[in-house]
Structure formats: structure tokens, C-alpha cells
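Here's the letter readout for the chains.
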Amino acid sequence: MTLGAIIGLDVGGTKVAGGLLTAADDLIELMQRPTLVDGRRDPGLGVTRQVAEELAGAAARGGLKLEGIGAGFPEFVDPEGRLSSREVLEWTSQPAELLADIAPTTVDSDVRCAALGEGALGAARGLASYVYVIVGTGMSYALVENGRARSGARGEAIALGESEVSRSVDPETGLSLERYASGEGIRERFIAATGRDARGAADVFGLAASGDQVAGSIVATAAAAVGAAIAALVSIIDPGAIVIGGGVTSAGPRWRGGVESTYAARAGRRPSPPPLRWAELGSRAGIIGAAIRHRGRLNGAGQRS
């Protein structure tokens, strides 16, 4: 009996990560390749295709029947699985068409894929309703109910980062939540405030931990803005729980504590507020969820509403 596997791809602005998910939900043959090519982000999705080809070859060598490809992208993806924005990647053809000769492909937003991954094998296991929030280079969210990630009418039900920063956190800012509290937003705010260089948010977190007052203030207000935004999201869509993932969540206890305390203060105004959980799968969530998204399509479940 030939065992089956699905390729899961998590396509980002800095790297394409992928792996093979078996029917037993074992993730094997993990790999990643840099997205940047001559200063451009995956032009023509050439890196994406390269990773898919390498994983298809690995499946063949391992005697696994390739059942398809699931791919998550950092763009708006409409309900038909077509990219509808060019915010991050320099794509020139739809990925489902580009990868069709390798295997049938299901395409969705990267945050919806990561949300499904955490629901299957991570912090949202066993939950019928939850919101997954990703705080990384950018910010987005996905609502999952009964195993389906909501897409909205145009596939744009992810854009948490476009919302305004709570005036109680910073009454003077004109920045969006993403420009204020994402990893890139934290870096840019520090540079604007000090004129000093920072390669990324990790530099700012390190300075805050060592006692730099400007860095500390930026980290504290960024965490408070995230906590307030999540509480506002809860008041609108009433999920069963909140799961937070993304690279910024590794910033340490100071940032996490700020998110938790602000969320508790805001959400605690209503009875039994949804619990806040921290994602468990890290970078694997998007790969696993993308493969699960394709599996759901094969099974007729769709995994999205």
C-alpha cells in the first residue's frame, strides 16, 4: 500500500518554507529557501515553484503518493483561491496555475493556513471557535469556527493591521496598528524616535531589556496596542478563544505580559472573556495548515467559509 502525502508551503516575504504532511499528520522533509532574489520578493513565484518541485521529488524518492499542494500566501486570497493583492510578493501568474503541473493546488491566505495548523496540532486543538492573531513583520488574523477559516466575501477577513491604534494607548499617533505594533512597526518607530539604526524588532527588544527607556516605551505601547486590538476584536466577533502567534511573540515576558494585562483589563469588562493562548507550532503552523487546507478540499470540507 502506497502512503500519501501533501506538500504544505508557507510563502513569506523573506522565505518560502515547506514540508510533506503524511496522512498520520507527521511533518517530514522540511526545507526553506530565501524569498529575496536580486532585491525582489519571489519574482514570478520562482522560489515557490522550486520548493514545490524539491518536495515533490522528495515524496517520489520516499515512495509517497503526492496527493496535492496546499500553499499559504501573505496576500489577500479570494474565496476561489486566487491572489488579489500585491502587497508583498512580485507574482505574475496565479500560484494554482503555476503549480498545477506538479500537483493539484489549493491556495489560501497564510494566516488562515497557520490558524488551521494551530487548530489541528497546536494551541487551538479541540476548540470549536477561536481567533488566530499573527504578530510578525505584519499583523493579521483569522476566525476559525468548526474547522473552517472564515474568508469573507472577498477573502479579506484578515486585515487586523489596518485598524486604528486605540486612543487610550496613544492619543496622538496617526499610524495603523501594523505600522505601530508589528515587528516592522516597532523597528520603524524606534528609528524615527532616536535616529539610531535597528536591524529588526529583536534589536529594540534587546535594548528594552537592557534598560533603554525609549526602546522600553516603544515595546510597552506596542504590546498595549495589540492587547487593546484583540479585546476590540473579541467584542465584535465573540470567539471561543484567542491564539497569538508570529515572530514577535518570542520577544519575551515583557511584551507578552503587556499584551496579557491590557487584554485582561479590556476584555474583563464582559463576563467570561475568551482565554488567551500562545501558539505552539511556530513556523510549522503555516506549512501544516496549508496541507490541511488542501486535504479538506479533497475531502469536500473546504476548510473555509
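Just above sits the structure.
(A) Structural view of the overall build of the protein chain. Helix and strand counts for the protein chain come out as nine helices and 12 strands. Computed over the C-alpha atoms, the radius of gyration of the protein chain is 19 Å, within 12% of the 19 Å expected from 2.2 N^0.38 for a compact globule of 305 residues. If one aligns the C-alpha atoms of the protein chain with their principal axes, the spans along those axes are about 60 × 50 × 35 Å. Residues classed as buried in the protein chain amount to 51% of the 305 residues present. In the protein chain, the share of contacts with a sequence separation of at least 24, taken over all contacts with a separation of at least 6, comes to 65%. Entry remark: accessible area of the protein chain is about 13300 Å², with carbon and sulfur atoms responsible for 48%. Taking the average place of the 31 positive charges on the side chains of the protein chain and the average place of its 34 negative ones, the gap between the two points comes to 3 Å.

(B) Fine view of the pattern of salt bridges. For the structure on display, the rule yields 14 salt bridges. Ionic pairing is found between E156 and R154, a salt bridge with its closest N-O pair at 4.0 Å. Using a relative accessible area of 55% as the deciding quantity, one classes R154 as exposed. D212 is the salt-bridge partner of R196, the closest N and O atoms lying 3.1 Å from each other. One end of the pair, R196, is in the loop between α5 (183-194) and α6 (201-209); the other, D212, is in the loop between α6 and α7 (213-237), with 16 residues separating them in the sequence. You can call R196 partly exposed: its relative accessible area is 36%. Taking the relative accessible area as the measure of exposure, D212 reaches 18% and is therefore buried.

(C) Fine view of the sheet that holds strand β2 (residues 15-22). If you walk across this open sheet you meet the five strands as β3-β2-β1-β6-β7, and the pairing is mixed. Edge positions in the open sheet fall to β3 (27-34) and β7 (105-109), since each of these has one partner strand only. Adjacent strand axes in the sheet meet at a mean angle of 20 degrees, parallel and antiparallel pairs treated alike. Direction of pairing for strand β1 (residues 4-11) relative to strand β6 (residues 65-73): parallel, over a ladder of seven bridges. Within β6, the position partnered with L9 by the bridge is A71. Sitting on the sheet, helix α1 (residues 46-61) touches β1, β2, β3 and β6, and the angle it makes with β3 is about 155 degrees.

(D) Fine view of the environment of V214. Relative to the helices and strands, V214 resides in helix α7. Residue class for V214 comes out partly exposed when judged on its relative accessible area of 35%. Distance in space between the C-alpha atoms of V214 and G138 is 22 Å, their sequence separation being 76 residues. The contact partners of V214, leaving out residues within four places of it in the chain, are F190, A193 and T194.

(E) Local environment of the packing of α5 against α6. At a minimum axis distance of 8 Å, the contact between α5 and α6 shows a crossing angle of 65 degrees. Here α5 and α6 pass one another in a crossing that is left-handed. Where α5 approaches α6, its residues G183, I186, R187 and F190 are matched on the opposing element by A201, V204, F205 and L207. Class assignment of the residues belonging to the contact of α5 with α6 gives a composition of six nonpolar, one polar and one charged.

(F) Structural view of helix α3 (residues 110-121). Taking 1.5 Å per residue as the helical rise, α3 with its 12 residues ought to reach 16 Å, and the 17 Å between its terminal C-alpha atoms agrees with that figure. Along α3, nine of the 12 residues are buried, which leaves the element largely enclosed by surrounding structure.

(G) Representation of α5 in the model. Between its terminal C-alpha atoms α5 stretches 17 Å, which fits the 16 Å expected from 12 residues at 1.5 Å a residue. Contacts from the buried residues of α5 go to α4 (177-181), α6 and α7.

(H) Broad picture of unusual backbone geometry. Backbone geometry at D42 places phi at a positive 50 degrees, although glycine is not the residue there. If you trace the backbone, D42 turns up in the loop between β5 (40-41) and α1.

(I) Local environment of the packing of aromatic side chains. One pass over the structure, following the stated rule, counts one aromatic pair. A cation over a ring is seen here: R86 above W91, with NZ or CZ 3.7 Å from the ring centre. Cation over ring: R189 sits above Y180, and NZ or CZ is 3.7 Å from the ring centre.

(J) Here's a closer look at the pairing of strand β8 (residues 129-135). Most of β8 sits out of view: six of its seven residues are buried. Of the strand pairs in this sheet, β8 and strand β9 (residues 139-145) are connected by seven bridges, and their pairing is antiparallel. Each residue of the ladder has a partner; that of I134, found in β9, is S140. Of the strand pairs in this sheet, β8 and strand β11 (residues 242-245) are connected by four bridges, and their pairing is parallel. Pairing of Y132 across the sheet is with V243, part of β11.

Parameters at a glance
- Residues numbered from 1 in each chain as written.
- Predicted model: local features only at pLDDT ≥ 70, side-chain atom pairs only at ≥ 80, totals over all residues.
- Heavy atoms only, no water.
- Helix = DSSP H or I, 4+ residues; strand = E, 2+ residues; numbered from the N terminus.
- Rg over C-alpha atoms; globule rule 2.2 N^0.38 Å.
- Buried < 20%, exposed > 50% of the residue type's maximum accessible area, 1.4 Å probe, protein only.
- Contact = heavy atoms within 4.5 Å.
- Areas by Shrake-Rupley, 256 points an atom, 1.4 Å probe, with all protein chains shown as cover.
- Lys, Arg positive; Asp, Glu negative; His and termini not counted.
- Charge placed at Lys NZ, Arg CZ, Asp CG, Glu CD.
- Salt bridge = Lys/Arg side-chain N within 4 Å of Asp/Glu carboxyl O.
- Pairing = 2+ DSSP bridges.
- Axes fitted to C-alpha atoms, helices over the stretch in contact; angles between N-to-C directions.
- Left-handed = near helix turned anticlockwise from the far one by under 90°.
- Nonpolar A, V, L, I, M, F, W, Y, C, P; charged D, E, K, R; others polar.
- Expected span 1.5 Å × (residues − 1).
- Phe/Tyr/Trp six-rings, centres within 6.5 Å; stacked < 30°, edge-to-face > 60°.
- Lys NZ or Arg CZ within 6 Å of the ring centre and 35° of its normal.

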